[in-house]
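Here's the letter readout for the chains.
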Amino acid sequence: MENSDDNNDEDETEWKTSFTDFTVGPNPTSPHRVILHFDLDCFYAQVEMIRNPALRNVPLGIQQKYIVVTCNYVAREQGVTKLMSVVDAQEKCPQLVLVKGEDLTHYRDMSYKVTELLMSYCHLVERLGFDENYVDVTEMVEKRLTHCSSFEGHVYNRSGVETNTGDHWRLAVGSHIAAELRTVICSTLGLTGCAGVATNKLLAKLVSGTFKPNQQTTLLPQDVDHIMGHLGSLRRLPGVGHQTSKRLQALGLVTVQDLQLFPLADLVKEFGAHTGQRLKNLSLGVDDSPVVPTGAPQSLSDEDSFKKISTTREVVEKTQDLLTILVERMQKDGRQPHTFRLTLRRYSADNKWFSRESRQCPIPNHIGQKVVSGSTDATAHLVTMAMKLFNKMVDGSAAFHLTLLNVCFTNLPPARGTVASGKGAITSFFTLGSSPRNSPIPSQTNVPAHSHPISLTLILTPHLFKSIQTLFIKRNSLNCLLLFKTIGTLGTVGPYCLIQAQKILRRKASLVCTERRLNVRILHNKDMDNNKTHQKLISLTRVLN
Ligand code: DCP
Ligand code: MG
Ligand code: MG
């Protein structure tokens, strides 16, 4: 649905890497890359089924306004589809159970957990929307000593007996890694999903949904022409949105094949050299873009769409509602925002979706501090700022018709919990971003000052990583205290060990170890008050931070 889609886009497209030390992936033009694409099954519906298992075996739709944004596979068998109107869905399936899905908190939380889990296996993970991740496993593949003789899951356009891996052993190993990661996601978080395995991001995404749900597909290089030739509409190409496809249509291009055959020179004339070439490449299945590890978001926003707002009072009310929630999220994030942006969309019969206008202004330091400290009057100050921006765009004394409002904090400093480079740390965001609101993580509200969550980040040298990696393998059990003792002496802890530890600690701590960093965040836990462990952790954090 428009509302949630916009929400996703807004935050997610701004998830860019802001640090350099993680970006050195394999050469993106190498034909030997192995890229995985993961897409969770009926994502919002799965989250609701985890929250309420009674919904598992009934046809379930997730409703936003008057649209069923997604539905579980039981409902799909009965003819309900994604983005169907509620009326049509109920007509198709009168037993359909509808759950409201306008509050994205649970979906966002679960989404970060998936990315975080993948990151604990491989540092090259890039988020795409709420339920998709790319993982560049080229190096992991090279490190595995065994050349697989068969593929895990399906191989696109090849059926029946085992496909001989031949020259494609890397993709075969990739398919095994994809299967393992899907298993980990399922056993740790209870979520199923599909995966695509290919030599670039575009192809991995295109192939991943070939068999649904809960399956995976590998694309061999010799089948690239087949998959590209069978896509049909240009809109199937990731990166070709509404506007671009309209411009392509004006050139007489409707299908991917049309674009393949269209002269590059004419594309360049219309779109410029860079975009022209990019479009041509996309149509041919060529994509050199690297998997860019996801950093902390550079902005946080919230928005709502509606049929009509046409009075200043309504604008104030809506802005206030949005800001109340956004300020809460910003406070949990812990960073002080320095810029505030207001975006609106006026009603326009001919260009319904894309006519957004924005204005932004700096946030005075004392107001920024109120946001972070959770001061109750932060929202009031921000509403005043928002209305000043609003008046720059709209003449409130004349008639107006708005269909969307978006509030956004940008210009955020690097994520908290980082050391050394001071650039954004991935994991501190994820754990900080986990909202206690309705989340299984113990609530952080009403936490006494002395027992706030603790987080720390350690930069691991390759040598240190290697030595802890060898040591951890020997261990198969450990407890909380031992874990932190070992972190303290930096001797005997590694990624798998950490995952085990996380299981033992359940929801009390979040741990992520990559080859470069170890992030630990200990959430508040009742048992920790007056507990020696807690005191030890605090002193340890002081030493290590
Ligand atoms: N979503 C939304 N509005 C849209 C598209 C998606 O709110 N216009 C939300 C609901 C979905 C989630 O994003 O659960 C992920 O989108 P997908 O397209 O991946 O759909 P699902 O994961 O629900 O189903 P599938 O099993 O087909 O991937
Ligand atoms: Mg999905
Ligand atoms: Mg998806």
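Description of the structure in this document. Since the structure is predicted, the reported quantities are computational estimates derived from the model, not experimental observations.

## Here's the deal with helix α13 (residues 273-284)
Here is step 1 of the chain: When the terminal C-alpha atoms of α13 are compared, their 17 Å separation across twelve residues agrees well with the 16 Å that a helix rising 1.5 Å per residue should span.
Here is step 2 of the chain: Among all positions of α13, only Gly 276, Leu 279, Lys 280, Leu 282 and Ser 283 are buried. Looking down the long axis of α13, one finds its buried residues gathered within 160 degrees of arc, a one-sided arrangement. For α13, exposure combined with an orientation more than 90 degrees from the buried face picks out Ala 273 and His 274.
Here is step 3 of the chain: Among the structural elements, α8 (201-208), α9 (224-229), α10 (242-250), α11 (256-261) and α12 (264-271) are those in contact with the buried residues of α13.
Here is step 4 of the chain: Where α13 terminates, the next one or two residues include Gly 285, which has phi positive at roughly 85 degrees.

## With respect to the side chain of Glu 48
Here is step 1 of the chain: The residue Glu 48 is located in helix α2 (residues 43-51) in this model.
Here is step 2 of the chain: Within the structure, the side chain of Glu 48 is placed 3.2 Å from the side chain of Arg 51, a separation counted as a polar contact.
Here is step 3 of the chain: Apart from the residues lying within four places of it in its own chain, the contact partners of Glu 48 are Leu 55, Leu 60, Ile 62, Val 99, Lys 100 and Tyr 107.

## Observations regarding the pattern of salt bridges
Here is step 1 of the chain: Overall, the coordinates contain 15 salt bridges when judged by the stated rule.
Here is step 2 of the chain: A salt bridge links Lys 205 to Glu 132; its shortest N-O distance comes to 2.7 Å. With a gap of 73 residues between them, Lys 205 in helix α8 and Glu 132 in strand β7 (residues 132-136) connect regions that are remote in the sequence.
Here is step 3 of the chain: Here Arg 247 ties to Glu 270 by a salt bridge, and the two come within 3.1 Å at their closest N and O atoms. Residue Arg 247 is located in helix α10, and its partner Glu 270 is located in helix α12; the two are separated by 23 residues in the primary sequence.
Here is step 4 of the chain: Classification of Arg 247 by relative accessible area gives partly exposed; the value is 39%.
Here is step 5 of the chain: Overlapping salt bridges, with partners in common, bring together Lys 65, Asp 304 and Lys 318 in one network.

## Re the packing of aromatic side chains
For any pair of aromatic rings, the description consists of the separation of the ring centres together with the inter-plane angle of the planes.
Here is step 1 of the chain: Summed over the entire model, instances satisfying the criterion amount to four aromatic pairs.
Here is step 2 of the chain: Measuring from centroid to centroid gives 3.9 Å for Tyr 44 and Tyr 107, while their planes differ by 10 degrees, and the two rings are stacked. Here Tyr 107 lies in helix α5 (residues 105-119) and Tyr 44 lies in helix α2, a separation of 63 residues in the sequence.
Here is step 3 of the chain: The exposure class assigned to Tyr 107 is buried, which follows from its relative accessible area of 0%.
Here is step 4 of the chain: Seen in terms of ring centroids, Phe 390 and Phe 400 are 5.6 Å apart; in terms of plane orientation they differ by 70 degrees. Their pairing is edge-to-face. Residue Phe 390 is found in helix α16 (residues 378-393), and its partner Phe 400 is found in the loop between α16 and β14 (402-410); the two are separated by ten residues along the sequence. Grouping residues by exposure puts Phe 390 and Phe 400 together as buried.
Here is step 5 of the chain: An aromatic cluster is defined as three or more aromatic residues linked by ring pairs; in this entry it consists of Phe 43, Tyr 44 and Tyr 107.

Definitions and cut-offs
- Residues numbered from 1 in each chain as written.
- Chains lettered and ligands numbered in written order.
- Predicted model: local features only at pLDDT ≥ 70, side-chain atom pairs only at ≥ 80, totals over all residues.
- Heavy atoms only, no water.
- Helix = DSSP H or I, 4+ residues; strand = E, 2+ residues; numbered from the N terminus.
- Expected span 1.5 Å × (residues − 1).
- Buried < 20%, exposed > 50% of the residue type's maximum accessible area, 1.4 Å probe, protein only.
- Arc of directions from axis to C-beta.
- Contact = heavy atoms within 4.5 Å.
- Polar contact = N/O pair within 3.5 Å; in protein donor to acceptor, adjacent residues only side chain to side chain.
- Salt bridge = Lys/Arg side-chain N within 4 Å of Asp/Glu carboxyl O.
- Phe/Tyr/Trp six-rings, centres within 6.5 Å; stacked < 30°, edge-to-face > 60°.

Bear in mind that shape data such as this cannot, by itself, settle questions of function.
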